[in-house]
Each structure stands twice: as structure tokens, then as C-alpha cells.
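Single-letter residue listing:
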Amino acid sequence: MFELLGVAPQALFAQLIVGLSNGAFYALLSLGLAVIFGMLNVINFAHGAQYMMGAFVAWMLLTYAGLPFWAALVIVPIVVGAFGLLIEKLLLSRLYQLDHLYGLLLTFGLALIIEGVFRHQYGVSGLPYANPLPGYLPLGFMNLPYYRGFAILFSLIVCLATWYTIEKTKLGAYLRAATERPDLVQAMGINVPRMLSLTYAFGVALAGLAGVLAAPIYSVTPLMGSSLIIVVFAVVVIGGMGSILGSILTGFGLGLVEGLTKVFYPPASNTVVFVIMVIVLLLRPQGLFGTPK
Amino acid sequence: MNGKNLEVLVMAGLFVLLLAAPFVVYPVLMMQMLCFALFASAFNLLIGYVGLLSFGHAMFFGGAAYITAHTVKVMGFPPEAGILAGTLAAAVLALATGVLAIRRQGIYFAMVTLALAQMVYFYCLQSPYTGGEDGIQGVPRGRMFGMIDLSNDLTLYYVVLAIFTFGFFVIYRTIHSPFGQVLKAIRENEPRAISLGYRVDQYKLMAFVLSGTLAGLAGSTKAIVFQLASLTDAAWQMSGEVVLMTLLGGLGTVIGPAVGAILIILMQEKFKTLGDWVLVTQGVVFVLTVLLFRKGIAGEIAAYATRIRR
């Protein structure tokens with residue numbers, strides 16, 4: 001078999017698939033952040049905790065109710081989204097008139113609460129979640145694990161469906177209009193507060209969905225959200241939150257870059273996204289897809 | 001009596017209390033409070049007076065702690081040189097990260113600082129000098145200037161009090177200087193400050209470096225007091241903790257952050273046995289403060305005092 005820059009192609013392609021599936025989570029999470037930020041002007045710091053909740057709810061459904069992964073894939077986003085709805089109605093909606101920073105601080109507090117409760121209940125060692133699609137597809141140049149392939153494809157479909165809804169449908173037009181001029185849209189008889197609640201719930205549901213998808217790949221632990229969300233913040237800074245398609249592309253692209261770094265220079269794989277963020281800040285401070293203000 | 005005189009009077013009273021405190025309270029706990037009070041006050045310089053929320057101040061605190069621990073333990077620096085080295089390193093780090101971070105505003109600034117701090121965290125985790133998960137332990141306290149023996153808790157307490165007072169005084173003078181007034185102008189209305197001819201970015205950078213340097217001073221001092229530099233000092237939770245201390249005490253108030261730091265340290269001390277509930281309690285304090293008293297303790301008291309005087 002041929003070698004590429006001294007790396008066996010099997011290892012290279014395997015890491016590319018790992019990178020792409022990580023990128024799928026980056027894309028789902030940064031998309032949720034971008035949707036929430038676009039409508040509510042709130043950076044949802046609890047996004048990582050809600051992702052972790054998604055994985056835990058899937059684990060609970062399997063362990064306590066015997067419901068398989070495929071059922072969890074439908075139930076979990078609804079449960080986690082409903083939790084988000086509650087947070088928006090009870091807490092976040094009181095802060096819209098204030099500086100954006102208070103939304104960040106509030107959701108940071110929520111993240112600490114959620115993480116603390118789960119840590120108390122389940123400890124910090126991971127809980128295993130059985131792979132619903134074991135085995136792999138032998139492609140000759142590499143073996144494609146079924147589940148990773150499914151996770152990448154599924155999140156790509158969800159991302160594109162979200163993009164289509166926001167950019168091409170009537171509902172999306174209302175949403176974009178309410179982002180620009182909530183007062184005018186309200187005057188046209190559209191219930192803007194309800195749209196805000198549902199948007200937050202939808203963004204949180206995306207995080208929950210990412211959590212379910214992640215459960216069979218990573219072990220389910222209360223810490224899985226906080227370490228990931230910081231990388232996702234860097235992804236958001238790199239992409240800029242102005243464009244939906246941009247955050248999807250940036251998410252997948254950075255996952256890929258991270259996977260390649262693991263092949264060619266492993267010690268930097270933890271920090272490569274941050275290094276790219278630094279370079280982007282130097283060359284194009286508004287982000288790859290952002291517009292200068 | 002006007003507001004400023006009252007402020008000075010309160011601070012003088014607190015200083016006398018601090019002089020007497022180690023005879024009543026366990027000195028190590030007092031030193032921990034002073035280190036975090038300085039850390040929170042330094043952080044407040046940025047959020048309270050420039051309106052920039054940094055979510056990465058642990059990198060200065062933890063980074064300086066590591067440099068101090070390394071120079072004192074491995075290179076045999078005396079404690080005062082170790083603290084100086086840690087503080088200078090924090091200043092250099094603040095300059096490098098500040099240049100990047102001030103290129104974005106508001107929420108992005110918070111995310112950029114958080115990501116940069118995570119980079120420093122990974123460096124601390126992987127670098128051969130930092131002892132990985134264990135951190136640098138058993139740092140000798142040594143003799144300051146070759147004669148003051150710091151192994152005595154009471155002696156060390158007064159050294160820490162002197163460092164705290166110095167740092168606090170620098171912050172106090174900065175806030176009340178013309179420089180501080182320009183910072184407040186930037187916080188209130190950045191476009192207007194620009195149109196008045198102020199080089200806003202330079203002011204922001206200077207405030208960022210000053211804040212990071214003093215946070216480093218706090219971290220270096222902490223490394224000497226606890227004879228330890230660990231990953232906890234550089235982790236994102238530490239950045240969150242200092243935000244909480246400042247928010248609870250009062251953003252943009254002079255003594256609020258110190259009050260908040262003391263309360264949070266006391267809370268951690270009280271709930272030490274409760275394990276993960278400390279995290280939950282901190283989260284609850286965050287949520288309640290944001291929802292119910294955004295001005296923080298010192299801010300609400302000041303607002304109350306103004307209302308009474310009318």
C-alpha cells in the first residue's frame with residue numbers, strides 16, 4: 001500500500017473520519033449557539049451542559065426504561081428542548097432589556113448547577129453506552145465504522161434542514177425579520193416572545209440531539225460538555241455567527257483539521273482550533289463568515 | 001460627608017480589621033482570602049471600569065503561580081524574585097493575549113479570552129515543567145530579602161497583607177486617575193470616546209495588561225502561601241469563580257470584589273465536605289445575583305445609602 005507523507009493511509013483516513021464526526025458535533029453545537037444568538041442576543045453558556053444532558057437522558061432511557069438509541073434520538077431533543085423552554089420562560093426572558101453579558105452570566109450559572117447535579121448523582125467516571133450500529137464497512141483503503149458514518153450523515157442532514165428552514169421558508173423569514181426589527185414584526189401581529197421561547201428551545205434541542213449522537217462514541221460523563229463547549233466557542237469566533245451555512249462549514253472544517261493534526265503532530269491536537277482562532281483574529285477579526293460592523 | 005470620604009473611611013476601617021484578623025481567624029484562610037480579593041479586584045478593573053468581560057483571567061493567575069513555583073523550587077529564586085518573575089510573566093502574557101482579545105467586543109471578547117486561557121491550560125497540562133496533573137508541589141516559602149522567614153504563618157500573613165495593600169492601592173489610584181476616567185468613558189460610550197480623539201484600543205490594552213499583571217501578582221503570592229501551583233489555578237472554573245466573586249460583591253465598585261471574594265472563600269470553606277454541591281451552590285448564587293441584585297452587595301448598599309441621603 002502507498003504511503004502519504006510517511007503516514008499509512010488507513011491511519012490517515014481513520015483519523016479523518018474521527019475528525020469529521022467531531023466536526024459534526026462542533027457544527028450542531030455552533031449552529032444551535034448561532035440560532036440562539038441571532039434571535040435572543042444571548043450566548044448560551046449552558047449549551048455544553050445541555051449537550052451533556054442529552055447524552056445522559058439517552059443513557060437513562062436505555063438503562064431505566066430499556067428504550068433503544070433510535071427512540072432516544074426522537075425523545076431526547078424533545079425532553080431537553082422542553083427543559084430549555086422552561087429556562088427561557090422562567091429566567092432568560094427577564095434579562096432581554098439588559099446588557100448581553102447578563103445572559104452569559106446567567107447561563108454560566110445554570111451550566112454550573114446542571115454539571116454539579118449530574119456529578120453528584122453519577123460521579124466523574126464515564127458510563128458506557130452500547131454502540132447501536134456495531135461493525136464497519138470495508139472500503140479497501142480503510143474501514144468505515146457504520147456508526148460514525150451515520151453520525152456524520154445524520155448531523156449533516158439536520159444542519160442542512162435547519163439552514164433550509166431559516167433561509168428558505170416562511171417561518172424562517174419571520175425569524176430573520178424578528179432578528180432585525182422585533183418591534184415591527186410584533187406590530188404585524190406575530191407573537192415575538194413566543195418565537196424567542198421556541199428559538200431557544202430549538203437551539204437547546206439541537207444540543208441535546210448532539211448529546212445523543214455523542215453517547216455511543218464518547219463515554220457519558222458530566223464533564224463531557226464543559227470541555228467541548230470551549231472549543232465550540234472558538235469555532236464560533238472563527239466562523240462568526242452571522243451566517244448559518246458558515247457555522248456548519250466551520251464546524252465540519254475544524255473537526256477535519258483537528259483530525260489531520262492528530263495524524264501529523266499529535267501534541268497540538270488539543271490546541272489547534274485555538275491556534276487557528278488566533279490566526280483568524282489577526283487576519284480577519286470579524287471571523288471567516290462574519291461581516292465587519 | 002461625601003461619597004469619597006466615606007469610601008476612604010470604610011477602607012481604613014477594613015485595613016485595621018485586617019491587621020488584627022490573624023489573631024482571630026486562621027492565618028492561612030486569611031491569606032487565601034487576600035489573594036483572591038486581589039485577584040477579583042484586578043479582574044474588576046476590566047469588567048467594572050472598561051466593561052470588558054474576560055472569561056480567561058485564570059491564565060494570568062495560574063500562569064504566574066506556575067512561574068513562581070518553578071523559579072523558586074527548581075531555579076532556587078528567593079520568594080520576592082519568584083513573585084516578581086511570575087508577575088512579569090503574567091504581564092507579558094496579558095500583553096500578548098490582550099492584543100488579540102481587544103480585536104473583538106462584548107460577547108466575542110468573553111469567548112476569545114476563554115479560548116486563549118484554555119490554550120494556556122493545555123500548555124500547563126502538557127509542558128514538561130509543570131508536573132502535569134500533580135502540578136508543582138512543595139514549593140519552599142524561603143526567606144524574603146534573605147532575612148524575613150516566611151515559614152511562620154503570621155509573618156507571611158503580614159507580607160501578603162502588604163502585597164494586597166500595594167495591589168489594591170494601584171487599582172484604587174488607577175480608577176481615580178484621569179486614565180481611569182477615560183476607561184469609564186469608553187465603557188459608557190465607546191464611539192463618543194473615539195470621536196473625542198482617544199485611542200480606545202490602546203487604553204483597553206493598557207487596562208487589560210494592568211488587570212492581568214495584578215491577577216498574576218495574586219497568583220504568584222498564592223503559590224508561595226500554599227507552596228503549590230496546580231491545574232486548578234489555570235482551569236476555566238477558576239476564571240468563572242473570579243467572575244462570580246466580582247459579580248456578587250458588585251461590578252465596578254471599589255471594595256465589592258474583595259467582599260465577594262471573602263464570601264465565596266468562606267462559602268467554599270463551609271461547604272468543603274459537600275463535594276459537588278459547592279458547584280451547584282456557586283451556580284445558584286450566580287443565577288440569584290443576576291436575577292435579583294445585579295449591582296452586587298457593595299453596589300446595592302451604595303445605592304441604598306444614596307437613597308437615604310436624599
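In case you missed it, the structure is sitting above this.
Residues numbered from 1 in each chain as written. Chains lettered and ligands numbered in written order. Predicted model: local features only at pLDDT ≥ 70, side-chain atom pairs only at ≥ 80, totals over all residues. Heavy atoms only, no water.

**Brief notes about the overall build of chain B**
Stage number 1. Regarding its fold elements, chain B presents 14 helices and four strands.
Stage number 2. Taking 19 Å as the expected radius of gyration for a compact globule of 310 residues, we find that chain B reaches 19 Å, a close match to that expectation.
Stage number 3. Principal-axis analysis of the C-alpha atoms places the extent of chain B at approximately 55 × 45 × 40 Å.
Stage number 4. Residues classed as buried in chain B amount to 56% of the 310 residues present.
Stage number 5. Sequence separation of at least 24 residues holds for 76% of the intrachain contacts in chain B that already meet a minimum separation of 6.
Stage number 6. Computed over 20 positive and 14 negative side-chain charges, the separation of the two mean positions in chain B equals 12 Å. (Helix = DSSP H or I, 4+ residues; strand = E, 2+ residues; numbered from the N terminus. Rg over C-alpha atoms; globule rule 2.2 N^0.38 Å. Buried < 20%, exposed > 50% of the residue type's maximum accessible area, 1.4 Å probe, protein only. Contact = heavy atoms within 4.5 Å. Lys, Arg positive; Asp, Glu negative; His and termini not counted. Charge placed at Lys NZ, Arg CZ, Asp CG, Glu CD.)

**A look at the pattern of salt bridges**
Stage number 1. As enumerated under the stated definition, the model contains six salt bridges over all chains in all.
Stage number 2. As a salt-bridge pair, Arg 119 of chain A and Glu 115 of chain A come within 3.5 Å of each other at their nearest N and O atoms. Separated by four residues within a single helix, Arg 119 of chain A and Glu 115 of chain A lie in helix 4 (residues 100-122), roughly one turn from each other.
Stage number 3. Its relative accessible area of 6% is what places Glu 115 of chain A among the buried residues.
Stage number 4. In this structure, the salt-bridge partner of Asp 153 of chain B is Arg 141 of chain B, at a minimum N-O distance of 2.8 Å. Taken together, the residues span a long stretch of sequence, with Asp 153 of chain B in helix 6 (residues 153-175) and Arg 141 of chain B in the loop between strand 1 (136-137) and strand 2 (143-144) at a distance of twelve residues. (Salt bridge = Lys/Arg side-chain N within 4 Å of Asp/Glu carboxyl O.)

**Some thoughts on the interface of chain A and chain B**
Stage number 1. Each side of the interface is counted separately: chain A has 45 residues, and chain B has 37 residues.
Stage number 2. Surface buried jointly by chain A and chain B totals about 3900 Å² across both partners, of which 81% is contributed by carbon and sulfur atoms.
Stage number 3. For the chain A face of the interface with chain B, the top three residues by lost area are Leu 105, Leu 112 and Ile 230 of chain A, together amounting to 15%.
Stage number 4. Taken together, chain A and chain B are joined by four residue pairs in polar contact (both at pLDDT 80 or more).
Stage number 5. Contributions of two or more residues to the side of chain A that touches chain B are made by helix 4, helix 9 (224-239) and helix 11 (272-283) of chain A. (Buried area = accessible area lost by both parts, 1.4 Å probe. Polar contact = N/O pair within 3.5 Å; in protein donor to acceptor, adjacent residues only side chain to side chain.)

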